[in-house]
Structures are given as C-alpha cells and as structure tokens.
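# Commentary on secondary and tertiary structure
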Amino acid sequence: KILLHLSELLLNSKITKILYRISGIVSVKLSFYGFFLMGLLLSCQSEIYFVDTYIIENVNLIDPLDGLKKGVNVVIKGNKIHEILEVGELKLSPKNKIIDGTDKYLIPGLWDSHVHFYFDQQLALHMPELFLSNGITSVRDTGGAFHYVDSIRQNGLKHPKTHPRVKIAGPLIDGNFNVYNGSVLPELSIRTRNVSESIAETEKLVSLGVDFLKAYEMLSPQQFEAIAAIAAREKLRLAGHVPLSMEITHAISLGLNSLEHIKNLELEAVENSDSMLLARRMMLENRSLLSGRQLRANIHRAQKQFAVDYIASDAYQKILDTIKKYDSYQVPTLSIYKVPIYKIFREPFWRKSFELLPKTTRDQWEKNLLASNDKIDPDQKKFSDWIQKTTNSMAKSKIPLMAGTDTPLGFLTPGFSLHYELELMVESGLTELQALATATLNPAKYFRMEDSLGLVKKDYIADLILLAENPLKNIASTKDIVAVIKDGNFIDKSGLEKIQNNISEGLSVSTLNH
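Described in the following lines is the structure provided in the data block. Here the structure is a predicted model, which is why all the values come from computation and not from measurement.

With that settled, the discussion passes to the layout of surface pockets. A volume near 980 Å³ is recorded for the largest pocket. Taken together, 30 residues make up the lining of the largest pocket; nearest its centre are Lys263, Arg296, His300, Lys304 and Tyr337. Here the second largest pocket is characterised by a volume of approximately 450 Å³. Together, 17 residues line the second largest pocket, and Asn134, Leu356, Phe416, Lys479 and Gln500 are the ones closest to its centre. When contributions to the lining of the second largest pocket are tallied by element, the ones reaching two or more residues are helix H14 (348–352), helix H17 (416–427) and helix H20 (493–504). With 6 residues, the single largest contributor to the lining of the second largest pocket is H20. Partitioning the lining of the second largest pocket into residue classes produces 5 nonpolar, 7 polar and 5 charged.

With that settled, the discussion passes to the sheet that holds strand E7 (residues 136–141). As summarised here, the arrangement of the 3 strands in space is E6-E7-E8, forming an open sheet in which the pairing is parallel. In this open sheet, the two strands that pair with only one neighbour each are strand E6 (110–115) and strand E8 (165–168). The sheet shows a mean angle of 15° between the axes of neighbouring strands, taken without regard to direction. Bridge analysis of E7 against E8 gives 4 bridges, and the strand direction is parallel. Its bridge partner lying in E8, Arg140 is registered against Lys167. Strands in contact with helix H6 (residues 146–158) are E7 and E8; relative to E8, the strand with the most contacts, it is inclined by about 155°.

On to the pattern of salt bridges, then. Per the stated rule, a full pass over the model turns up 21 salt bridges. Here Asp211 and Arg153 are joined by a salt bridge, their closest N and O atoms 3.1 Å apart. Of this pair, Asp211 sits in the loop between helix H7 (195–208) and strand E11 (212–215) while Arg153 sits in helix H6; the two residues are 58 residues apart in sequence, bridging distant segments of the chain. Arg233 serves as the salt-bridge partner of Glu203, at 2.8 Å between the closest nitrogen and oxygen. With Glu203 in helix H7 and Arg233 in helix H8 (residues 221–233), this pair connects stretches of sequence that are 30 residues apart. A relative accessible area of 47% places Arg233 in the partly exposed class. Three or more residues joined by partner-sharing salt bridges are found here, namely Glu83, Lys458 and Asp459.

Where helix H13 (residues 334–341) meets helix H16 (residues 378–396), the axes come as close as 10 Å, and the angle between the chain directions of the two elements is 150°. Classified by the angle their axes make, H13 and H16 are roughly antiparallel. The two elements H13 and H16 cross, and the hand of that crossing is left-handed. The segment H13 lies against H16, with Leu334, Tyr337, Lys338 and Ile341 engaging Gln380, Lys381, Phe383, Ser384, Ile387, Gln388 and Thr391. Its residues placed into classes, the contact of H13 with H16 shows 5 nonpolar, 4 polar and 2 charged.

Right, let's get into empty space enclosed by the protein. A complete count under the given rule lists 2 cavities of 30 Å³ or more for this structure. The calculated volume of the largest cavity comes to roughly 50 Å³. What lines the largest cavity is simply Pro108, Gly109, Trp111, Thr137, Ser138, Arg165, Leu453, Gly454, Leu455, Ile461, Asp463 and Leu464. Residues of the lining of the largest cavity, tallied by class, amount to 6 nonpolar, 4 polar and 2 charged.

What follows covers the environment of Thr405. Tracing the backbone shows Thr405 in the loop between H16 and H17. Given the relative accessible area of 0%, Thr405 is considered buried. In this structure the C-alpha to C-alpha distance between Thr405 and Gly415, which are 10 residues apart in sequence, comes to 9.3 Å. Those residues in contact with Thr405, other than ones at most four positions away along the chain, are Asp112, His114, Thr333, Ser335, Ile336, Leu412, Ser417, Leu418 and Glu421.

The next thing to look at is the pairing of strand E17 (residues 489–492). Relative to E17, strand E16 (residues 481–486) runs antiparallel, the two being bridged by 4 bridges. Note on E17: the bridge partner recorded for Lys486 is Asn489. The antiparallel pairing of E16 with E17 creates a hairpin that spans 2 residues between the two strands, and Asp487 there sits at a positive phi of about 55°.

Attention now moves to the side chain of Asn286. Within the secondary structure, Asn286 is located in the loop between helix H10 (273–284) and helix H11 (292–309). Sequence-distant contacts of Asn286, defined by excluding residues within four places in its chain, comprise Phe177 and Leu295.

To continue, consider the environment of Met402. Along the chain, Met402 falls in the loop between H16 and H17. Since its relative accessible area comes to 0%, Met402 is described here as buried. Each residue touching Met402, except ones within four places of it in the same chain, is listed here: Ser113, Arg140, Tyr329, Gln330, Val331, Pro332, Met425, Thr438, Asn442, Pro443 and Tyr446.

The peptide bond linking Thr407 to Pro408 adopts the cis configuration, its omega dihedral lying at 10°. Mapping Pro408 onto the fold places it in the loop between H16 and H17. For Asp52, which is not a glycine, the phi torsion comes out positive at approximately 55°. With respect to the element layout, Asp52 can be found in the loop between helix H3 (24–43) and strand E1 (53–63). Although it is not a glycine, Asp459 sits at a positive phi angle of roughly 75°. Inspection of the secondary structure assignment puts Asp459 in the loop between helix H19 (441–446) and strand E15 (464–467).

Rules behind the numbers
- Residues numbered from 1 in each chain as written.
- Predicted model: local features only at pLDDT ≥ 70, side-chain atom pairs only at ≥ 80, totals over all residues.
- Heavy atoms only, no water.
- 1 Å grid on protein atoms, 1.4 Å probe; cavity = no way out; pocket = protein on both sides within 12 Å on 5 of 7 lines; lining within 4 Å.
- Points joined across faces, edges and corners; volume = space filled by probe spheres on them.
- Helix = DSSP H or I, 4+ residues; strand = E, 2+ residues; numbered from the N terminus.
- Nonpolar A, V, L, I, M, F, W, Y, C, P; charged D, E, K, R; others polar.
- Pairing = 2+ DSSP bridges.
- Axes fitted to C-alpha atoms, helices over the stretch in contact; angles between N-to-C directions.
- Contact = heavy atoms within 4.5 Å.
- Salt bridge = Lys/Arg side-chain N within 4 Å of Asp/Glu carboxyl O.
- Buried < 20%, exposed > 50% of the residue type's maximum accessible area, 1.4 Å probe, protein only.
- Parallel < 35°, antiparallel > 145°, perpendicular 65-115°, else oblique.
- Left-handed = near helix turned anticlockwise from the far one by under 90°.

This is the structure:
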C-alpha cells in the first residue's frame, strides 16, 4: 500500500501536472516512468520468512461458517494457526518450509461426538490412533468407568500431537434398575436407587473433573431433576437419553443439553402421550424384578414402534419447538441405526474397514458377521428412516446437531464410521457444509471452545485435515485424506497409513497403560 501511495504521489505531483499541460508526449512518458518506478519498488519488496513455521501454500480453505475460500496460504506455528494470507499478499522466502496445497482442501479436524472406549477395552487400546489416522482429532466419550476413560483422556493431554482430544462423562448415571450393569452388557453405568444416591454419585463425578454428565433411562423425574440442578450449578453440559419416567419436553426444560440417538423422543409425539407415560411408570415399578436391560427392552417393545406408527404432527412440532427454545444439541447417531438395521456391515466396502482393526477384534467381528443374516426387519427399517427424517426436520428448525456414531457398537469401525455418519447427514437432507459443522464447529460450541477450535482461523488450535477433493461437492471426500494436522503436527498420508498398518498387523504398541 505504501509503494502504491508513493507511485500515486509521483503521478499526481505538481511537476507532473505542469508537464501534462506542456505536452501530451511528456505526460505519456512520465506516466510510463511512474509505473516503471512502481514496478521497480514492488520488485524490491522484501521476501518474508516465518521462523519456526510451515506454510500450506495455495490451498482451498473450507470454513463451517464462511464456506469455501480459494487460494490462501495458511501459516502454522507451534500448535496454532499463525496467519492466513491471500496468495500473493506477501512474497514468501524460499527458506520457508512450504507444503503445496494446490487443488487441495483444508478443513477443521473432525469430532466423533458419541463413542464408548470402555465397551471394548482391548480395542480401546488402539482407538485413539484409529480415530486420528481417519482425521478425527477430538472425541466425546459418552459412558464408561471413570478411571478407565480418564486414563485415555490424560493420555491425549500427554500426547496432544499424536492422539485425539478426549472429553469424558464418566459412567452413565442410571436409576435403581440400571441397564448397563455388567451382567450381560458392559458396566457403563452406576446404579443410583434414590435421589440422595443420584446426588452423591453426581457430586463425586464433578469432583473428579468430568467434562460433562450423562443421565440415563431408568432415572425417576426427581433423580433427573437433581442431576440437572448440579449440572447447571457447575456449568456442565448434561447429555443423555430421555428417562422413560418422563417426557422429552420436561427433560429438556430441566436442562437436558444434548439428547443422544434422538432416544425416546417419539414417546411424546403421539396424541395419547399422557396415557403412555402412565403405562411406562407402572412398568417401571418392576414388580417382576426384571433386570434393567430386560425392563427397558419390554417398555421399548410395548411403545416405541406404536409411537412411530402414530406420530401426531402437532405434538411432534411442539417437541421440536421446545428443543429449539432451549438450544439443546441433538446427536442422532444415524449410523448405529442404519448400519445394523440395513445390514450395511455385510457389504464389501464396510467389511474392508475391518482391515483397520487389530487382529483379535477383526476376527471376532468377522465371526459375529458370519452369524448374522441379510434379512431386514421392516419395523426397524421404518424406525431408522424416521430417525433420518427427524434429523432433517431438526436441521430445518435450526436445532444444533452433532455427528456421533456410538462406535465400537454395531460393527462401527472407529474413525471410518464417522465419515459414513456425515454421508448419512447429507442423505437425511443437510447440506455438505451443514454436515461438516456437525463434526467441527458444533461440538466446539457444545464444549464452549468455539473461540479456539472448530474453525480454520488465525490463532485457533491447528487441528486440521488436508483433503484431496472438495467435500462441499461430495461429503464422502472427507475420507480422501492427504494429511492430518494435530496440535500443529503435520502427519502426511504415508504416516497415517503406517499408523493403520501397525495396528492391523499387530505392530502398534499402545501408549495407554491398562
């Protein structure tokens, strides 16, 4: 700008104006010399060298807010985005470490906002690397024994450049007849028989330093309200399923900040929801002393499909309006429905993802797959389709959505399955940019980290993915990864493949101490 100003002064000086009046020839010559001088000055512009950095040059940047911005230079220094410059804005010294970004696309690192490390503790030893090698730079663990999942969180903090960021809830806080009690299903929950126990266990988790809390289905309304009050006091997000003793609008109004799997929303979306609630509460008395797992299954069997078959539009819209009013995040986990229900896990492209798994897990999953069949249950299919339709309705209502999978349940390969979740988001009606936001900016907002994460922006943490193709044209391009940048650490394609090969070939040594 200074150089241009100097040239402008020259061309507009008193001498120039006088000579303009004397001769058109002279004015033409002076104009020529003025522009010549400007070019000379520009050619003398200093080359810029950024110390201790690397530069992704001439890359196409995709931001969840602003969309596509073509041809920029992104300067990474330490673990931050140091500068974002237009190509040609500065003359870069050849001394800079340059990475060619031509025809490539840079997006924020992805989140999987619903994972369970504790569900398969052998696989969990390698899940962090599986996530990172697939571009998932942050995950939200939604239920497991505190000390186990905390060790994975601490490992991520200790190795921020080679492991994803991990946010944890600790165990699910459930009621008297807890579902995940370790008898048949893994012990992901803690049993609380009354309000005082719910308060004590929640306070304990708060003191241990969880990142958010998760309430579960067998809680009473009084227990849920007590947990929600603690979450509000501590400014912690409260995630969960709608307790079967309640309706979703009540739970949302008390502080259910995120609903997982759109679970039990349908039970209030019918004309006779009051009578259905009374019926559930009677079943929850559990006079037959069924296990929590059996009791929950009986209630779902009695009411879930009926509710989906008889959705009342007014009741349904009231629920969406309430969710929007309280800005409650929704995590549909579309893949945990569609992959098992549609038997997608039997398809060759999905089975190929098993090659990423350690051999013990891979062999077990193949064995389980062989025991399955290709028959699709029509009621389950209808429910899966309804979940996708509801996800579309939520997006149209501008309800915040987060992409999560429920991996490693349901043959959902860690890392790989998140990309399929994004494809299902688009299949459900979201734009590609909206789908990207569900796995980037929205989780950052959920954890109140939007000032440092979730965007490609100056001074933000450098958790990024370099892609070969434009995901705004085809969301499946999020799988076509050229490099992953974690906390500023650039891991190219060969490095990512080495991580994956070491896991699948049994050469990987986990940094987790279990």
